[in-house]
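Examination of the molecular architecture
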Amino acid sequence: MSTEPVEPADPPAVEPPPAPSRRTFIATTTAVGGAVVAGGLAAGTPAVGAGPAAAGGPPSGRLALTVNGERHTVTVDSRTSLLDLLREHLGLTGSKKGCDAGACGACTVLVDGLRVTSCLTLAIRLEGAEVTTIEGLAPGEDDRLHPLQSAFLQQDALQCGFCTPGQIMSGIGCIQEGHTGSAEEIREWMSGNICRCGCYVKIVKAVDQAAHGK
Ligand code: FES
Ligand code: FES
């Protein structure tokens, strides 16, 4: 007895789903996005800005500090940098904003006698601090410059001048710290201050001159 081969049956035809319209696409993605956000919150992920300050903007605080011998009481957003406090709130624009990321030294000031990059220093943490900026070096009305300012002029240690306030404030810190034993030592301890004009040799000479009265 012979048997005929059985042809496999064709699979049933499946209709492709209709292409979503713009309206249905937006409705779907909105629903999915909402579910993801809701899931995150349900899992305990705090929302950015949650808390008492969310309704009324970022938290702020009052602080009192001394800048160039003058007492100031200010209310600042807790995210405000010392550099922005000086430039935007107190109108002291001598400290420059180069990178705003701690990499160039243009914003260097002294806080309680120590040099800091003011762009990376939170103002709100400076309650009671003594801050000295480039404006505070020659505050008298007799136009007498700080010895390091004079040395920068005599050594012609600048071109565009953008980095100069930071260089001078850092140089004062360098001298006060006693890191002026040699040109190499000065160069090392001033290495956080970038000069795009390349005045490094003369900057080192100016710090050396102010430190040793040469
Ligand atoms: S602006 Fe502060 S280090 Fe560059
Ligand atoms: S003098 Fe121009 S960046 Fe230093």
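Position labels on residues start from 1 in each chain and follow its written sequence. Starting at A for chains and at 1 for ligands, labels are handed out in the order in which the entities are written. pLDDT decides what is reported in this predicted model: residues at 70 or higher carry local features, side-chain atom pairs at 80 or more are listed and counted, and totals for whole chains, interfaces and linings draw on all residues regardless. Processing note: side-chain calculations cover all non-hydrogen atoms of the structure and skip hydrogens and water entirely.

Section: the overall build of the protein chain
Stated precisely, the cut-off is as follows: Secondary structure follows DSSP: runs of H or I at least 4 residues long count as helices, runs of E at least 2 residues long count as strands, and numbering of each begins at the N terminus. Here the term buried applies to any residue with accessible area under 20% of the maximum for its type, exposed to any over 50%, and partly exposed to those in between, with areas from a 1.4 Å probe on protein chains only. Method for areas: the Shrake-Rupley scheme with a 1.4 Å probe, in which residue coverage is limited to the protein chains shown.
The number of helices and strands found in the protein chain is 7 helices and 5 strands. From first element to last, N terminus to C terminus, the protein chain shows the α and β order α-α-β-β-α-β-β-β-α-α-α-α. Taking all 214 residues of the protein chain together, 33% fall into the buried category. When the accessible area of the protein chain is evaluated, it comes to approximately 13400 Å², of which 57% is carbon and sulfur surface.

A short note on the environment of D112
Just so we agree on the cut-off: When checking whether two residues touch, look at their non-hydrogen atoms; a contact exists if any pair is within 4.5 Å.
By secondary structure assignment, the location of D112 is in the loop between β3 (108–111) and β4 (114–117). Note: C-alpha distance between D112 and A129 (17 residues apart in sequence) is 6.2 Å. Other than its neighbours up to four places away in sequence, D112 contacts A129 and E130.

As for helix α5 (residues 164–177)
Convention followed: Multiplying 1.5 Å by the helix residue count minus one yields the expected span of that helix.
Taking 1.5 Å per residue, 14 residues should reach 20 Å; α5 reaches 19 Å between its end C-alpha atoms and fits that length. Judged by how many residues are buried, α5 sits mostly within the fold: 11 of 14 residues are covered. Just past α5, the residue G178 takes up positive phi, approximately 80 degrees.

Structural notes on the pairing of strand β1 (residues 60–67)
Put simply, the rule reads: Pairing between strands requires that DSSP locate at least two bridges from one strand to the other.
β1 sits mainly inside the fold: 6 of its 8 residues count as buried. Where β1 meets strand β2 (residues 70–77), 8 bridges bridge the pair, whose relative direction is antiparallel. Paired with V67 across the bridge in β2 is E70. Linking two consecutive strands that pair antiparallel, namely β1 and β2, is a turn of 2 residues; a positive phi of about 50 degrees is found at N68 within it. The pairing of β1 with strand β5 (residues 130–132) spans 2 bridges and is classified as parallel. Note on β5: the bridge partner recorded for T66 is E130.

A closer look at the layout of surface pockets
The condition is simple: A pocket, in this scheme, is an open set of points on a 1 Å grid over the protein atoms alone with protein on both sides within 12 Å along at least 5 of 7 lines, while a cavity is a set where a 1.4 Å probe fits but cannot get out; residues line either one if an atom lies within 4 Å of a point. Grid points are joined across faces, edges and corners, and a volume is the space filled by probe spheres set on the points. Any residue outside Ala, Val, Leu, Ile, Met, Phe, Trp, Tyr, Cys, Pro, Asp, Glu, Lys and Arg is labelled polar, Gly included; the first ten of those are nonpolar and the last four are charged.
Roughly 180 Å³ of volume is contained in the largest pocket. Contributing to the lining of the largest pocket are G98, C99, C104, A106, C160, F162, C163, I194, C195, R196 and C197. Residue classes in the lining of the largest pocket are distributed as 9 nonpolar, 1 polar and 1 charged.

Some remarks on the packing of helix α4 (residues 147–154) against helix α7 (residues 200–212)
Under the convention used in this document: Interaxial angles span 0 to 180 degrees and are taken between N-to-C directions of axes, which are lines fitted to C-alpha atoms, for helices over the stretch in contact. Should an angle lie under 35 degrees it is considered roughly parallel, over 145 roughly antiparallel, and from 65 to 115 roughly perpendicular; all remaining angles are considered oblique. Rotating anticlockwise by less than a right angle from the far helix to the near helix defines a left-handed crossing, while the corresponding clockwise rotation defines a right-handed one.
Running from N to C, α4 and α7 point in directions that differ by 140 degrees, and their axes come no closer than 8 Å. Taken together, the axes of α4 and α7 lie oblique to each other. For the element pair α4 and α7, the recorded crossing hand is right-handed. Facing P147, L148, A151, F152 and Q154 of α4, the residues of α7 in contact are I203, A206, V207, Q209 and A210. Looking at the contact of α4 with α7 residue by residue, the classes come out as 8 nonpolar, 2 polar and no charged.

A few points about the sheet that holds β3
Spatially, β2-β1-β5-β3-β4 is the arrangement adopted by the 5 strands of the open sheet, whose pairing is mixed. A single partner strand is all that each edge strand has here, and the edge strands are β2 and β4. Neighbour-to-neighbour, the strand axes of the sheet open up by a mean angle of 40 degrees, direction not taken into account. Against the sheet, helix α3 (residues 82–89) touches β1, β2, β3 and β5, its axis set at about 110 degrees to β2. Packed onto the sheet, α5 meets β3, β4 and β5 and runs at close to 45 degrees relative to β3.

Examining the pairing of β4
In the case of a regular strand, side chains alternate between the two sheet surfaces. Pairing between β3 and β4: 4 bridges, direction antiparallel. Looking across to β4, one finds that T108 is bridged to T117.

Some remarks on the confidence of the model for the protein chain
We count it as follows: A residue's pLDDT is the predictor's confidence in that residue, given on a scale from 0 to 100.
Mean pLDDT over the protein chain: 82, with 72% of residues reaching 70 or higher. Contacts of residues 21–54 to residues separated by more than four positions or lying in other chains number 5 contacts, the stretch itself having pLDDT below 50.

Notes on unusual backbone geometry
Of note in the backbone geometry, N68 takes a positive phi value of approximately 50 degrees without being a glycine. Within the secondary structure layout, N68 lies in the loop between β1 and β2. For D100, which is not a glycine, the phi torsion comes out positive at approximately 60 degrees.

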